[in-house]
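Each chain, letter by letter, is given below.
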Amino acid sequence: MKKLLIILPVACLVVLAGCRKDDEFLNIPPTQVIPEETAFSDPALVLSILGDLYNRMIDFSALDGTPSDPGWRSFADFSESFPSENGSYYIVQRTGWGFDSWGLNWYDSYAYIRDLNLFIARDSASTELSAADKARFMAEGRFIRASFYFELVKRYGGVPLILQQLIYDLKGDPTYLQTPRAKESDIYDFIISEAEAIKNDLPADANTKSRASKGAALAMEARAALYAASIAKYGNIRTPQVTLPGNEVGIPAEKATEYYTKALTAAQEIINGQAGAYKLYQVLPNLSDNFAALFLDKTSVNQESMFIEDFRVNGGKTHAFTTNDQPFSLSDEGDDAGRLNPSLNLVEAFENLDNTYAPLATTDGSGNPVFYDDIQGIFAGRDARLAGTVLLPNAVFKSGVTDIWAGYQLADGSILTSDNAVNTKPLPGTETPVPVVGKDGPISGLQYRTQTGFYIRKWLDPQVGSGRRGRGSDVAYIRYRYAEVLLNAAEAAFELGQTQLAADYMNQVRARAGLTTALTAGEITFDRVVHERRVELAFEGHILYDMKRWRLAHIVWDGSPLTKTELVSNIGQATKTSTQPWGLWPYKYYNPASPDNGKWLFKEVLPGPVTGNNLFQLGNYYSLIGDDVISANPKIVKQPNQ
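Residues numbered from 1 in each chain as written. Predicted model: local features only at pLDDT ≥ 70, side-chain atom pairs only at ≥ 80, totals over all residues. Heavy atoms only, no water.

Undergrad: Looking at this structure, I do not really get the overall build of the protein. What am I missing?
TA: In terms of regular secondary structure, the protein is built from 20 helices and 16 strands. C-alpha atoms of the protein, sized along the principal axes, occupy 125 × 65 × 50 Å. Looking at the protein residue by residue over its 642 residues, the buried ones come to 55%. Long-range pairs, those at least 24 residues apart, make up 71% of the contacts in the protein between residues at least 6 apart in sequence. Just so you have it, the protein exposes about 26000 Å², and 54% of that area is on carbon and sulfur atoms. Both charge centroids of the protein, one from 60 positive and one from 75 negative side chains, sit 3 Å from each other. (Helix = DSSP H or I, 4+ residues; strand = E, 2+ residues; numbered from the N terminus. Buried < 20%, exposed > 50% of the residue type's maximum accessible area, 1.4 Å probe, protein only. Contact = heavy atoms within 4.5 Å. Areas by Shrake-Rupley, 256 points an atom, 1.4 Å probe, with all protein chains shown as cover. Lys, Arg positive; Asp, Glu negative; His and termini not counted. Charge placed at Lys NZ, Arg CZ, Asp CG, Glu CD.)

Below, the structure is given as structure tokens:
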């Protein structure tokens with residue numbers, strides 16, 4: 001018994017000693033997690049947290065591709081281009097878009113907002129950072145948060161505006177966390193006020209591009225104010241039924257002038273040099289090459305790009321835009337090429353250098369084909385941005401030229417062609433097989449070759465190896481640039497009745513493109529405003545949201561098939577329909593007895609896979625908010641017309 005009494009205290013001491021060790025063990029700081037107070041005491045650590053928040057920013061269009069970020073496909077819609085990939089023909093075979101199109105994951109969105117709110121709160125609470133670092137980090141966090149709310153309001157209209165961390169008290173009643181949707185105008189007001197509040201805490205430096213700058217904040221403010229103004233004005237004119245009683249969707253018309261004024265003021269602050277030395281990119285003597293180079297040049301020479309998503313070869317972040325979209329015969333990666341084919345609809349929108357609109361001349365007044373000595377002759381005298389945006393037939397890329405032609409037209413009018421450039425055939429009266437179609441197409445239904453007669457040039461990287469899967473491209477995606485600022489200012493000035501000022505801003509952009517006859521104040525119209533943005537900003541992610549804010553989407557994409565007659569008429573009109581992507585196919589004329597033998601003629605062609613027509617319904621103006629979201633928060637009202 002004595003032995004037992006002795007053993008028990010010893011055992012208790014052992015257990016207690018063990019408990020002390022466990023307690024000490026649990027109090028050991030983890031080595032893989034940096035404590036909050038440590039992180040927000042070191043500028044380098046704060047910057048690494050900020051880098052993650054920048055990397056999670058959302059763009060409607062982007063150069064890289066993930067399941068939630070469709071990369072090149074984000075440009076291959078709205079009849080501005082054709083997707084030459086079997087698995088993507090659905091884009092031109094559907095009739096209309098679902099109400100959930102263009103939406104974001106609601107839960108991921110608010111998780112991101114929570115992280116942004118936490119970053120802002122922790123930066124605010126930090127006592128270790130210098131005042132300058134603290135202010136700049138705070139401004140960047142607020143810029144990213146405002147940018148994300150901009151992405152939300154473009155898609156959904158008013159959303160719950162959450163500006164602090166929400167904490168559940170585990171008592172079983174979450175209703176105090178349920179926040180209703182704000183008015184659509186409230187979200188735009190928030191974005192505008194945030195930009196004003198933070199702009200002077202950000203560097204007024206045109207060389208700051210991958211982090212927020214004063215220029216980026218003002219560019220965001222100008223764009224957001226312009227969107228709000230357009231919805232206020234044109235929503236009430238063209239789509240009065242796209243509203244909600246609480247103004248979660250729709251903005252009162254009387255607010256339009258206020259927003260246009262704010263857009264113009266913010267843009268002018270950039271134009272007047274108060275945010276840094278921004279200017280149009282004018283470096284190369286060839287205006288088309290210069291326009292293309294604007295999207296490739298990441299040096300300090302480029303003072304037009306203002307805020308970018310950057311990529312680095314050997315830095316762990318590249319994209320496959322060039323791999324996916326390079327011309328087939330010039331591909332670095334075999335069959336990986338040619339997916340994004342600009343449409344004739346877009347190509348014909350680039351006007352003549354005398355400021356006139358005209359279809360590309362394929363026939364004369366009697367309906368006979370027009371013959372051209374040179375395959376690029378049909379494009380002569382056009383806005384230089386055309387060849388800077390689109391690779392035309394026989395265009396130079398890297399060390400070669402595109403080989404785009406659809407076959408021979410023979411003397412009797414019949415066509416001699418092939419289903420692949422490697423399948424050669426003899427010409428009439430000869431025996432030796434020769435190529436009868438270009439290596440780059442167009443061949444209807446043959447993926448990875450052009451099926452419209454064009455390849456994309458904007459964003460296409462000419463660096464050796466940029467088209468290889470293993471290397472990729474590090475061309476940056478430009479989110480804001482100075483030319484858009486000028487066009488935003490021009491549009492706002494036009495809507496405020498300051499047409500001479502609008503002409504001055506718009507003419508700067510047009511002169512860079514070779515359109516040297518300046519537009520007069522009287523020539524600045526709504527059609528001109530819409531046209532100029534379409535050609536200058538093509539393939540930069542603007543087309544959908546421009547059409548939505550002007551309330552033109554249901555008119556331009558009305559679901560009716562686009563005939564050839566409609567294709568070549570009313571060019572330059574804002575309300576022109578564009579429901580199917582057409583192509584322009586070059587043919588070589590073969591008739592040894594004719595003086596036109598060997599010359600080129602062209603035909604407007606609807607690519608075979610195009611069977612659908614774009615139909616934009618009123619319910620598409622705002623993306624669907626899912627029933628699961630509304631079930632979790634009954635204070636959220638549904639979208640109209642869905």
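Undergrad: Explain the UniProt feature "domain: RagB/SusD" (unreviewed entry) in the protein here, please?
TA: When the UniProt feature table is mapped onto this chain, "domain: RagB/SusD" (unreviewed entry) is found at residues 304–640. Across residues 304–640, the secondary structure splits into 22% helix and 13% strand, with the terminal C-alpha atoms separated by 39 Å. (UniProt positions renumbered as here; feature names shortened; annotations may be inferred.)

Undergrad: What is the right way to look at the sheet that holds strand E15 (residues 583–590) in this model?
TA: The strands making up a sheet associate through backbone hydrogen bonding, with each pair oriented either parallel or antiparallel. In spatial order, the strands read E10-E9-E15-E16; together these four strands make up an open sheet with mixed pairing. Across the chains shown, the open sheet's two edge strands, defined by having one partner strand only, are strand E10 (415–416) and strand E16 (600–605). Pairing between strand E9 (residues 408–410) and E15: three bridges, direction parallel. Residue Tyr 408 lies in a different strand from E15, and its bridge partner there is Lys 588. (Pairing = 2+ DSSP bridges.)

Undergrad: Is there a simple way to think about the pattern of salt bridges in this case?
TA: Side-chain pairs of opposite charge can arise where the charged atoms are in close proximity. Counting across every chain of the model gives 47 salt bridges. Here Arg 56 makes a salt bridge to Asp 115, at a shortest N to O gap of 2.9 Å. Here Asp 115 lies in helix H5 (residues 106–125) and Arg 56 lies in the loop between helix H3 (43–55) and strand E1 (65–66), a separation of 59 residues in the sequence. The salt bridge partner of Asp 383 is Arg 385, with a shortest N-O separation of 2.7 Å. Using a relative accessible area of 2% as the deciding quantity, one classes Asp 383 as buried. The class for Arg 385 is buried, based on a relative accessible area of 1%. (Salt bridge = Lys/Arg side-chain N within 4 Å of Asp/Glu carboxyl O.)

Undergrad: Explanation requested: the UniProt feature "domain: SusD-like N-terminal" (unreviewed entry) in the protein in the structure shown.
TA: Following the UniProt record, the feature "domain: SusD-like N-terminal" (unreviewed entry) maps to residues 102–225 here. Spanning residues 102–225, this segment combines 59% helix with 0% strand, and its end C-alpha atoms are found 21 Å apart.

Undergrad: Is there a simple way to explain the packing of aromatic side chains in this structure?
TA: Geometry of an aromatic ring pair is reported as the spacing of the ring centres plus the angle between the planes. The tally for this structure, following the rule as stated, stands at 35 aromatic pairs. On the basis of an interplanar angle of 70° and a centroid distance of 6.1 Å, the ring pair of Phe 379 and Phe 454 is categorised as edge-to-face. One end of the pair, Phe 379, is in the loop between helix H12 (344–347) and helix H13 (385–389); the other, Phe 454, is in the loop between strand E12 (433–434) and strand E13 (455–456), with 75 residues separating them in the sequence. Accessibility assignment for this pair places Phe 379 and Phe 454 in one class, buried. One aromatic cluster in this structure is built from Phe 60, Phe 78, Trp 97, Trp 102, Tyr 545, Trp 557, Phe 616 and Tyr 621. Over the aromatic face of Phe 328 sits the side chain of Arg 449, whose NZ or CZ is 3.6 Å from the ring centroid. Cation over ring: Lys 588 sits above Trp 405, and NZ or CZ is 5.1 Å from the ring centre. (Phe/Tyr/Trp six-rings, centres within 6.5 Å; stacked < 30°, edge-to-face > 60°. Lys NZ or Arg CZ within 6 Å of the ring centre and 35° of its normal.)

Undergrad: I keep staring at the nonpolar core and nothing clicks. Help me out?
TA: One broad trend across soluble globular proteins is that nonpolar side chains are buried collectively. Among the nonpolar cores identified, the biggest contains 114 residues, and Phe 143 and Tyr 188 are the most heavily contacted of them. For this core, the element with the most residues is helix H8 (residues 214–238), which contributes 15 residues. When near neighbours in sequence (up to four residues on either side) are disregarded, Tyr 188 contacts Phe 150, Val 153, Lys 154, Ala 224, Tyr 227, Ala 228, Ile 231, Ile 251 and Tyr 259. (Core = buried A, V, L, I, M, F, W, Y, C linked by side-chain atoms within 4.5 Å.)

Undergrad: Could you clarify how one ought to interpret the environment of Asn 641 in this entry?
TA: Examined against the element boundaries, Asn 641 turns out to sit in the segment after helix H20 (627–632). When its relative accessible area of 37% is taken as the criterion, Asn 641 is described as partly exposed. When the C-alpha atoms of Asn 641 and Tyr 107 are compared, they prove to be 24 Å apart, with 534 residues separating the residues in sequence. With near-sequence residues (within four places) excluded, Asn 641 lies in contact with Phe 99, Gln 241, Val 242, Leu 618 and Gly 619. Among the polar contacts listed, one links the side chain of Asn 641 to the backbone oxygen of Gln 241, at a separation of 3.4 Å. (Polar contact = N/O pair within 3.5 Å; in protein donor to acceptor, adjacent residues only side chain to side chain.)

Undergrad: Sorry if this is basic, but what is going on with the environment of Leu 63 here?
TA: Take Leu 63: it is sitting in the loop between H3 and E1. On a C-alpha basis, the gap between Leu 63 and Ile 636 in space is 34 Å, while along the polypeptide they are 573 residues apart. Residues in contact with Leu 63, not counting those within four places in the same chain, are Gly 71, Phe 75, His 319, Ala 320, Phe 321, Trp 459, Val 475, Ala 476 and Tyr 477.

Undergrad: Any chance you could explain the pairing of E15 here in plain terms?
TA: Regular strands have side chains that alternate between both faces of the sheet. Counting buried residues along E15, seven of its eight residues qualify, which places the element largely inside the surrounding structure. Taken together, the six bridges between E15 and E16 define a ladder with antiparallel strand orientation. Within E16, the residue paired with Leu 584 across the bridge is Glu 604.

Undergrad: In this structure, what is going on with the packing of helix H14 (residues 482–495) against helix H15 (residues 499–512)? I would like to understand it.
TA: Helix packing for two helices is described by the angle between their axes and how far apart those axes are. With their axes 7 Å apart at the nearest point, H14 and H15 run at an angle of 155° to one another. It follows from the interaxial angle that H14 and H15 lie roughly antiparallel. Both H14 and H15 take part in a crossing whose hand is left-handed. Between H14 and H15, the residues in contact are Ala 483, Leu 486, Leu 487, Ala 489, Ala 490, Ala 493 and Phe 494 and Thr 499, Leu 501, Ala 502, Tyr 505, Met 506, Gln 508, Val 509 and Arg 512, respectively. Along the lines of polarity and charge, the residues of the contact of H14 with H15 split into 12 nonpolar, two polar and one charged. (Axes fitted to C-alpha atoms, helices over the stretch in contact; angles between N-to-C directions. Parallel < 35°, antiparallel > 145°, perpendicular 65-115°, else oblique. Left-handed = near helix turned anticlockwise from the far one by under 90°. Nonpolar A, V, L, I, M, F, W, Y, C, P; charged D, E, K, R; others polar.)

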